[in-house]
There are 2 protein chains.
Amino acid sequence: MNDVDSDVIVLGAGFAGLAAAQRLRSAGCRVLLLEARDRVGGRVMPGELAGRTIDLGGQWVGVGHERLSMLAGEAGRPLLPQYTEGQKLLAAGGRQRRYRGLIPPVSPGALLGMGWALWRLRRLQQRVSAAAPWTAADAEQLDACTVAQWRNRNLPTAGGRALFDVATRAVFCVEPDQLSMLAFLHYLAANGSVEALTSTTDGAQAATVDGGMHALARHLAEPLQAQLRLSTPVQAVDQDAEGVSVRADGVTYRARRLIVAMAPALSGRIAMQGISAAREQLAQRMPMGSVIKCQIAYERPFWREQGLSGEYVGSSAVFSPVFDNSPADGSCGALVGFIDGTEAVRWSGQAEARRCAVIDSLVAAFGAQAAEPLDYVDQDWIADPWSRGCYTGVPTPGTLSRLGPALREPCGAVHWAGTETAEAWCGYIEGALNSGERAAAEVLEAMA
Amino acid sequence: MNDVDSDVIVLGAGFAGLAAAQRLRSAGCRVLLLEARDRVGGRVMPGELAGRTIDLGGQWVGVGHERLSMLAGEAGRPLLPQYTEGQKLLAAGGRQRRYRGLIPPVSPGALLGMGWALWRLRRLQQRVSAAAPWTAADAEQLDACTVAQWRNRNLPTAGGRALFDVATRAVFCVEPDQLSMLAFLHYLAANGSVEALTSTTDGAQAATVDGGMHALARHLAEPLQAQLRLSTPVQAVDQDAEGVSVRADGVTYRARRLIVAMAPALSGRIAMQGISAAREQLAQRMPMGSVIKCQIAYERPFWREQGLSGEYVGSSAVFSPVFDNSPADGSCGALVGFIDGTEAVRWSGQAEARRCAVIDSLVAAFGAQAAEPLDYVDQDWIADPWSRGCYTGVPTPGTLSRLGPALREPCGAVHWAGTETAEAWCGYIEGALNSGERAAAEVLEAMA
């Protein structure tokens, strides 16, 4: 058993852990960054489609994601606007229709109902703070309500409800009956609005990174090579008066402070001593969402020739939403989309059948030309042992109001990072960066 | 790395794992029983109060707990009826009152409201099966509703709601806003009714075991000494065509089949290969309840002299419910009670302050004589690293309806036991025995 001493150990080399380690290193700390996977990036992960590097995980830069935009600039990676030219497709109520802009082609009644619901949500989210949703005046009441119930009370038509559910699943990767209304409003407050969360140009899917988001993780990791241990899953953390001991495969690492830069559901799987009951319970009450990200390459972006943007939403489709993900050089066409919520649980572990279902879904949406892809690749995040779901940990009812402060409250020498703990943009890469910087600042202050 | 071969490995030597191993051994299987703790019994655990052996965990035999009663008979351990003579105490709405029987001394309006709510619950629970609650006609709707919301709609008075919450916390160790209505009804269906769950003589707290419940765990374990490895926490489970490999502290154990006899939240912390997405998600969505069990010894059971049974419920008390737990020989007096739900999270990790709060609570309930105990002991189940909460894993909204079948559905060569998976009496020791026998039968059939 070797003893390796540092000032600070960071667990997890996703964007949160990388940002924290970077900040600490810049401040002159001896940092050690331990990562279970054989790569950096966490829920951002590179893959290959038709010979081209793509993102199997997080890929978009949203409007307002300033840290991430700046990072792309530093890394010399241009942001590529999400392709949005042409008409979008909406399949709902047994029909498929084309439309432009934000207003989907549904019945005036459904539209009115949705408009009213969105107005209500905007009003409600103003009561909830992005940094501390548990301080809302009616936090307990909102947290006792599932999103499904709010939807039933506030959306009068079946069509409106179905679209609302598609949007909820697309954003949270859980079903509306699994999600607390307070957690829902918190996410809206932290990320703008339902419209911003589900939009491309003006929202959370505004741009991608030239060369892939993973290039930014590598850029962050570059100056940390000497501090980084890959393939080093941690089994246990002990605390004493001098600091922490971290055990990983027979080696014990010592440090004065520890930053756990992982989703709560994952950090809860490490045997950690000295953790508060509230944090322990929180870790059991923020399950990861369920999602499979699928990408399909074609010889050409043939949908563009039909005047379509490639954006598709189907209220009863297995594979929805879908976006154009073709390379900027036009060398081929590509679509990217998601199987989310219960459907993702159902299709996990059925790689071949899933591929067929996705292609079938694209044929229904874009026509026969979709039947013959050049290449197909998907990433089942539920089956990933170091993620156990994506995009994020989603608080169940009665969690955020009762245990929310435990998200960031240090437990002895253990500090918490990860996008779930972000004071702004939680759930996004921007939130991960925000959380890593905040945790590093906490540690620097504690050690000063 | 040694390889040890068995027919079946059982993980967890609580009542479920012991019952499974026992049954398999009787059928002639080579069984290996691995337990992380240094003792058998799981959530049943012995302790000492005023020199006498007591149960720091599960202690009661309920009406209808036939397997458990039979086991006590086999072990030569008489069942001791829970002491109930005299009047009960109820503190609610700022007043404390004495009463007898099942009907608490609350206002006629509150009583009427409670009567109606209990009648509604009896009707609703008939729609839900103890073995397969997800098959209920309105399972999704019930699962989208928290118990807090049902309470708000069905209990008109604040006093009635407060009492309902006390009962919910006492049974589930979670707050009503953290609990799905389907899960609530499932528990009622599996265990009789709200009245049965919260009653002594005719209910779930009818009797205790002479010498302590833990004596029954030891009795079950006795013929399994050669098969049992204590202090052997398992890190990983792999599956291949021949069976399973179980890794525990550098040793690999091989078997044809595996029974995981642990709460889902705990089994989810072992790196298991070949587990379905539904089981993986389920394990993230059944957090353990929060409870601290406290026991206090006095020279005499002085409350009996005041005509009191020792049973106490306080709608805003830290420490409630409380029961008489005095030894049958009358050598001293003893009370047992619980801090549950959010209060347990709050008092976890504050051993000394907690003791004072409990004694203060007893003084308020039983008078000044309660101020000077002979002895005090408590068990914080949240802080127990091999339980991480008690009594049981409680499904969050949207879990049982969508993922419930994964409770028992085997994943390759991996079978599931534990009281959470029981087809009857789930949450109780009786359910643990039931689940262990069922899992053993499954394995025997699969290997036949």
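The written sequence of each chain sets the order in which its residues are numbered from 1. Both sets of labels track the order of writing: A upward for chains, 1 upward for ligands. Only residues with pLDDT of at least 70 get local features here, since the model is predicted, and only at 80 or more are side-chain atom pairs given and counted; chain-wide, interface and lining totals rely on the full set of residues.

Focus on the overall build of chain A
Logical step 1: To qualify as a helix, a DSSP run of H or I must reach at least 4 residues; to qualify as a strand, a run of E must reach at least 2; elements of each kind are numbered from the N terminus. Scanning chain A for helices and strands turns up 16 helices and 19 strands.
Logical step 2: Two things to know: the radius of gyration comes from C-alpha atoms, and the globule rule equals 2.2 Å times the number of residues to the power 0.38. Since a compact globule built from 448 residues should have a radius of gyration of about 22 Å, the 22 Å found for chain A is in line with a globular shape.
Logical step 3: Neighbour density around each residue's C-beta defines its exposure: 20 or more other C-beta atoms within 10 Å make it buried, 12 or fewer make it exposed, and counts between make it partly exposed, where C-beta atoms are placed from the backbone. For chain A, with 448 residues in total, the buried portion stands at 60%.
Logical step 4: By the convention adopted here, residues make contact when the C-beta atoms placed from their backbones lie within 7 Å. Long-range contacts, defined as pairs at least 24 residues apart, comprise 73% of the intrachain contacts of chain A with a sequence gap of at least 6.

Some details on the environment of A:Val31
Logical step 1: Inspection of the secondary structure assignment puts A:Val31 in strand E2 (residues 31-34).
Logical step 2: Considering only alpha carbons, one finds A:Val31 and A:Ser6, 25 residues apart in sequence, at a separation of 5.7 Å.

Section: unusual backbone geometry
Logical step 1: The omega torsion across A:Ser320 and A:Pro321 is 0 degrees, close enough to zero to call that bond cis.
Logical step 2: With respect to the secondary-structure elements, A:Pro321 resides in the loop between strand E15 (308-314) and strand E16 (322-324).
Logical step 3: Following B:Cys390, the chain continues into B:Tyr391 via a peptide bond in cis, with omega recorded as -5 degrees.
Logical step 4: Inspection of the secondary structure puts B:Tyr391 in the loop between strand E19 (375-380) and helix H15 (400-403).
Logical step 5: If you check the backbone angles, A:Ser231 has positive phi at about 50 degrees while not being a glycine.
Logical step 6: Among the structural elements, A:Ser231 can be located in the loop between strand E9 (228-229) and strand E10 (236-240).
Logical step 7: Overall, the presence of 12 C-beta atoms within 10 Å leaves A:Ser231 in the exposed class.
Logical step 8: Phi at B:Arg388 is positive, roughly 55 degrees, even though this residue is not glycine.
Logical step 9: Residue position: B:Arg388 is located in the loop between E19 and H15.

Structural notes on the relation of the copies chain A and chain B
Logical step 1: Superposition of the copies used a least-squares fit over C-alpha atoms from residues whose pLDDT is at least 70 in both. When chain A is fitted to chain B, the best match, at an RMSD of 0.0 Å, comes from turning it 180 degrees and sliding it 0.0 Å along the axis. Look at the turn and shift together and you get a two-fold axis relating the two. Residue A:Arg269 of chain A places its C-alpha closer to the rotation axis than any other residue of that unit, at 2.5 Å.
Logical step 2: Both copies contact each other with a shared surface, as 100% of the interface residues of chain A are interface residues in chain B too.

Remarks on the pairing of strand E12 (residues 251-261) of chain A
Residue and element names in this part refer to chain A.
Logical step 1: Pairing of strand E11 (residues 243-248) with E12 involves five bridges; the strand directions are antiparallel. Bridging across to E12, valine 244 finds its partner in alanine 255.
Logical step 2: Should DSSP find at least two bridges between two strands, the strands are regarded as paired. With four bridges joining them, E12 and strand E19 (residues 414-417) adopt parallel strand pairing. Pairing of alanine 261 across the sheet is with alanine 417, part of E19.

Digging into the domain arrangement of chain A
Accessible area lost upon the coming together of the parts serves often as the stated size of an interface.
Residues and elements named next belong to chain A.
Logical step 1: The domain boundaries here were taken from an automatic or database domain assignment. What the domain assignment reports for chain A is domain 1 (3-43 + 214-286 + 394-447), domain 2 (46-62 + 77-85 + 203-210 + 291-380) and domain 3 (107-198).
Logical step 2: The interface of domain 2 with domain 3 comprises twelve residues on the first partner and 13 residues on the second.
Logical step 3: Looking at the side of domain 2 that touches domain 3, the elements with two or more residues in it are strand E17 (333-340) and helix H13 (342-347).
Logical step 4: Partitioned by chemical class, the residues of the side of domain 2 that touches domain 3 number six nonpolar, five polar and one charged. Residues are grouped as follows: Ala, Val, Leu, Ile, Met, Phe, Trp, Tyr, Cys and Pro are nonpolar; Asp, Glu, Lys and Arg are charged; all remaining types, including Gly, are polar.

A closer look at the confidence of the model for chain A
Logical step 1: Considering every residue of chain A, the mean pLDDT works out to 95; 99% of them sit at 70 or more.
Logical step 2: Across the assembled chains, the prediction reports ipTM 0.94 with pTM 0.95. Per-residue confidence from the predictor is reported as pLDDT, a score between 0 and 100.

Considering the pairing of strand E14 (residues 291-298) of chain A
All names here are of chain A.
Logical step 1: Counting buried positions along E14 gives eight out of eight residues, so the element sits mostly inside the fold.
Logical step 2: Burial along E14 is two-sided: the face carrying Val291, Lys293, Gln295 and Ala297 and the face carrying Ile292, Cys294, Ile296 and Tyr298 are both buried.
Logical step 3: The pairing of E14 with strand E18 (residues 375-380) spans six bridges and is classified as antiparallel. If you follow isoleucine 296 over to E18, its bridge partner there is tyrosine 376.

Digging into the environment of A:Ala215
Residue and element names in this part refer to chain A.
Logical step 1: Note that alanine 215 resides in helix H9 (residues 214-221).
Logical step 2: As a C-alpha pair, alanine 215 and glycine 76 span 139 residues in sequence and 10.0 Å in three-dimensional space.
Logical step 3: With residues near it in sequence (within four places) discarded, alanine 215 still touches Ala75, Arg77 and Val209.

A few points about the interface of chain A and chain B
Logical step 1: At the junction of the two partners, chain A supplies 35 residues and chain B supplies 35 residues.
Logical step 2: Broken down by element, the side of chain A that touches chain B gets its largest block of residues, five residues, from helix H11 (residues 277-284) of chain A.
Logical step 3: By residue class, the composition of the side of chain A that touches chain B is 14 nonpolar, twelve polar and nine charged.

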